[in-house]
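Secondary and tertiary structure notes
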Amino acid sequence: MSVAVGRTGLRVFRAGWTVFVVLATTVPYGLNLLSAPGGSHYTWIVPPYPQDSLAYRAWSQQAAHGSLLFQLKYTALPHAAFLFQPMFLVCGWISALFDCDIGIVHLVVKAVGVVLFLAVFYCYTDFLQLSGFQSMIASVLVGVSSGLGGLVALLGLADRPWTISADLWVVDSNTYWSLLWNPLFPYSLALMLLAIHWLDRGTRDGRRSDLWRSGLATGLQVLIHPYSQPLLFTLTLVLTVLRRRAEAAGYLWRYALAVLPFVLYVDSVAILHPLLSRHSSSGAMVSPALTAYLLGFGLPLLLSVAGLVAGWRRLVVDRPAVPLWFVLSLALSYVPFWFQRKLIFGAHVPLCIMAGMAPDLILARLPRVETRRWIRGAALAILLPSIAVTPVYLLVSEFREARANENGAYFISEELMGGLRFLKEKSEPSSVVFATPSTSRLIPAFSGNTVVWGHWAMSVDRKERDAWFEELFKQGSDWNDEKRAREFWGARIDYIFADPRLKGWIEQNPSAWRVILAHADRVFANPSVVIYRHRDSPPV
């Protein structure tokens, strides 16, 4: 009877915990919505890195316009659509089908992804034969825990080099933040965990068919979020050789055949397409110092180390995939790939599994059952509240940043939104719009047009574009105004989106802009925004 009650209790806990995590990763969006200034439009993104979240919206916007393949919308360099991204393709279709804001679609799809990730996590912990108590601790840690960053910040030490904590700024290093931030990460985590689950089961139990499944899950993950390839391939090779030895080749070729079509497509595009190769060189993501990751992993890391000391065999010998996953992820994040910081993605998951097992391993070393129970209760009372310090600190910080509308990324005034609606309804998605860099971040995400800059990595010619603009309007230039106008419109620009900041640019150099605007018609105006269309641009 006790076993049956234990299983029932675990199911009830998991159902409730899943609901809690879904709410914890969804409600912050609602709180931001409630804080929206009157008459403004919420972009349905949360800090940090709004440029990336808006770029995801831009992909879904292209799908809503009917594209099967995507372009880089943050550069005016001419190129055909080439990128297949099924995640945001489906989101765009849903948005178009139900005439729903893409931000709301992303939020709903993200919530489904959170449920999917937790379901796979529960299956994996069952496969690893964690007890009900261990599984519950691991689930709590993976769902809400962060490192010591919040505590360090509250103590006023966050600005010191040796106390910089990764959980305050590297989204990929923490599961809760990954589930909160955007719709892509929950699915990427779920596919990664599913691939490792099937790899672990297949190599342990001699189930060759699981390597086909693991390769397929890896391929799908590569298709939507390709940065984890080195980790998954290395883990597959090491674990398969370690366990199957002479039979390893038979397992590995099954995995390779399943994953190969996806890898060939993704890697060939990344290497051979000129814009993506420039994206790779301009978008380097360097890992922080090791101390930043150690602080960022916080309590789960401390518990894991204690568990290794108390029960090394149970953690390493009986379940080698889990510690191997974490060690490889941490080690590979310092290999000189341009995306090395992305390789820490998912490392928090195996760490939480080991940390979930640690209390029982530590308590098993104590002699008396009564002592174990007392220490377990005291530890839970002290440690569990501490894991929420950093998530709460992050949520409060993010709420303040969103409410302050830093860089205009979270709330759009009704007048600015009116200009974006005009572009969406009256222009072609292929039209190039010139705007300030801050407004350019919004245009592909909401109207679907191409801009000349606006993203830290996708604007692959940003340095050249900055130099072009500076030369174009440099004081004392020997360019005549007609030459300046030809150079401006010769950059394939179809529209000028003049928000208050761009109007200020025009007022600072009226003679140069007067000749440029003489080649355009004013097609939209409200108190904040004026839109001009080049006369030679093709009509809609």
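Our subject in this report is the structure included herewith. Each residue is numbered by its place in its chain's sequence as written, counting from 1. Predicted model: local features are reported for residues with pLDDT of at least 70 only, side-chain atom pairs are reported and counted for 80 or more only, and whole-chain, interface and lining totals are derived from all residues. Remark: hydrogens and water are excluded; side-chain values derive from all non-hydrogen atoms of the structure.

1. A short note on the overall build of the protein
Under the convention used in this document: Secondary structure elements follow DSSP: runs of H or I no shorter than four residues count as helices, runs of E no shorter than two count as strands, and numbering proceeds from the N terminus. Both definitions apply: the radius of gyration is a C-alpha atom measure, and the globule rule equals 2.2 Å times residues to the power 0.38. Partly exposed residues are those whose accessible area sits between 20% and 50% of the maximum for their type, while under 20% is buried and over 50% is exposed, using a 1.4 Å probe and protein chains only. Method for areas: the Shrake-Rupley scheme with a 1.4 Å probe, in which residue coverage is limited to the protein chains shown. Charged-residue counts in this description rest on Lys and Arg as positive and Asp and Glu as negative, His and the chain ends being excluded. By convention, charge coordinates are those of NZ in Lys, CZ in Arg, CG in Asp, or CD in Glu.
When helices and strands are tallied, the protein shows 26 helices and 7 strands. Taking 2.2 N^0.38 as the reference for a compact globule, 540 residues should give roughly 24 Å; the C-alpha atoms of the protein span a radius of gyration of 26 Å, in line with that estimate. Counting only C-alpha atoms, the protein reaches 90 × 50 × 45 Å along its principal axes. Counting only residues that meet the buried cut, the protein has 56% of its 540 residues in that class. Accessible surface computed for the protein: about 22,900 Å², of which carbon and sulfur atoms make up 65%. When the 47 basic and 36 acidic side-chain charges of the protein are each reduced to a single mean position, those positions are 10 Å apart.

2. Thoughts on the pairing of strand β7 (residues 530-534)
We count it as follows: Strands qualify as paired when DSSP identifies two bridges or more between them.
Where burial is concerned, most of β7 is hidden: 5 out of the 5 residues are buried. Burial along β7 is two-sided: V530, Y532 and H534 and I531 and R533, pointing in opposite directions, are all buried. Relative to β7, strand β5 (residues 495-498) runs antiparallel, the two sharing 4 bridges. Across the sheet, residue F497 finds its bridge partner in β7, namely I531. Where strand β6 (residues 520-525) lies against β7, 5 bridges are found, and the strand directions are antiparallel. Each bridged residue has a counterpart across the sheet, and for R522 the counterpart in β7 is Y532. Between β6 and β7, which pair antiparallel and follow one another directly, the connecting turn spans 4 residues.

3. Concerning the packing of aromatic side chains
Applied cut-off: Only Phe, Tyr and Trp rings take part, Trp by its six-membered ring, and two of them pair if their centres are within 6.5 Å. Stacked means planes under 30 degrees apart, edge-to-face means over 60, and tilted covers everything else. As a reminder, the over-ring test applies to NZ of lysine and CZ of arginine, requiring each to be within 6 Å of the ring centre and within 35 degrees of the ring normal.
As enumerated under the stated definition, the model contains 36 aromatic pairs in all. Here the aromatic rings of F434 and W513 are separated by 6.2 Å at their centres, their planes lie at 45°, and the arrangement is tilted. Remark: W513 occurs in helix α26 (residues 510-517) and F434 occurs in strand β3 (residues 432-434); sequence separation between them is 79 residues. Taken individually, F434 and W513 each receive the classification buried, so the pair is uniform in this respect. The structure contains a cluster of three or more aromatic residues connected by ring pairs, namely F434, W453, W468, F469, F473, F488, W489, W505 and W513. When the ring centre of W468 is taken as reference, the NZ or CZ atom of R465 above it lies at 4.8 Å.

4. Considerations on a nonpolar patch on the surface
To keep things clear, this is the line we draw: For patch building, the residue pool is restricted to those with more than 30% relative accessible area and no salt bridge; the joining distance is 9 Å between like charges and 5 Å between nonpolar side chains (Val, Leu, Ile, Met, Phe, Trp, Tyr). Any Lys or Arg side-chain nitrogen found within 4 Å of a carboxyl oxygen on Asp or Glu counts as a salt bridge.
Together, V19, L23, V27, L31 and L34 make up a nonpolar patch on the protein surface, roughly 490 Å² of accessible area in all. Every element with two or more residues in the nonpolar patch is listed here: α1 (2-24) and α2 (27-34). Counting residues per element, the nonpolar patch draws most heavily on α2, which supplies 3 residues. Tracing the chain through its elements places L23 in helix α1. Take L23: its relative accessible area is 47%, and that puts it in the partly exposed class.

5. Quick notes on the side chain of H348
To keep things clear, this is the line we draw: In the analysis that follows, any N or O atom pair within 3.5 Å is treated as a polar contact, provided that within protein one partner can donate a hydrogen and the other can accept it, and provided that, for residues neighboring in sequence, both atoms belong to side chains. Residues count as neighbours in contact if any of their non-hydrogen atoms are within 4.5 Å of one another.
Relative to the elements of secondary structure, H348 occurs in helix α17 (residues 348-363). For H348, a relative accessible area of 1% gives the class buried. Reaching out from H348, the side chain makes a polar contact with the side chain of T175 at a distance of 2.8 Å. Residue contacts for H348: discarding those within four places in its chain leaves L141, V142, S145, S173, N174, T175, F297 and P300.

6. A short note on the pattern of salt bridges
Here the structure, examined in full by the defined rule, presents 15 salt bridges. We note a salt bridge from E464 to R278, for which the minimum N-O separation is 2.9 Å. Residue E464 is found in helix α23 (residues 462-472), and its partner R278 is found in helix α13 (residues 274-282); the two are separated by 186 residues along the sequence. For R278, a relative accessible area of 29% gives the class partly exposed. Salt bridges linked by common partners bring R201, R207, D210 and R213 together as one network.

7. Points about the environment of Y176
Here Y176 lies in helix α8 (residues 175-181). The class for Y176 is buried, based on a relative accessible area of 5%. Residues Y176 and V144, 32 residues apart in the sequence, show an inter-C-alpha distance of 5.3 Å. Setting aside residues up to four positions removed in sequence, Y176 forms contacts with A24, T25, P28, V142, G143, V144, P391 and L395. In this structure the side chain of Y176 is engaged in a polar contact, spanning 2.7 Å, whose partner is the backbone oxygen of A24.

8. As for unusual backbone geometry
With glycine set apart, most residues show a phi of negative sign, and most peptide bonds adopt trans. Backbone torsion omega between P47 and P48 reads 0°, so that peptide bond is classified as cis. Summarising the element assignment, P48 is placed in the loop between β1 (40-42) and α3 (50-64). For W44, which is not glycine, the phi dihedral falls at a positive 60°. Note that W44 resides in the loop between β1 and α3.

9. Points about the nonpolar core
We apply this condition: Buried Ala, Val, Leu, Ile, Met, Phe, Trp, Tyr and Cys residues form a nonpolar core when they are joined through side-chain atoms within 4.5 Å.
The biggest cluster of nonpolar side chains holds 140 residues, and the ones touching the most others in it are F117, F121, Y124, V349 and F497. When sequence neighbours within four positions are dropped, the list of residues in contact with Y124 reads L193, I196, H197, D200, A321, V322 and I353. Counting residues in each nonpolar core, the second largest holds 28 residues, with L472, W489, A498 and W505 among its members.

10. Notes on the environment of S537
Position of S537 among the secondary structure elements: in the segment after β7. Separated by 45 residues in the primary sequence, S537 and R492 have C-alpha atoms spaced 9.0 Å apart. If we ignore the near neighbours within four places in the chain, the residues touching S537 are I493 and D494.

11. Examining the environment of D52
Along the chain, D52 falls in helix α3. Residue classification places D52 among the buried residues on the basis of a relative accessible area of 15%. The spacing of D52 and L252 is 200 residues in sequence and 35 Å in space, taken between C-alpha atoms. Ignoring sequence-local partners within four residues, the contact set of D52 consists of W181, H455 and W456. There is a polar contact of 2.9 Å between the side chain of D52 and the side chain of H455. Here W456 takes part through its side chain, which lies 2.9 Å from a polar atom of the side chain of D52.

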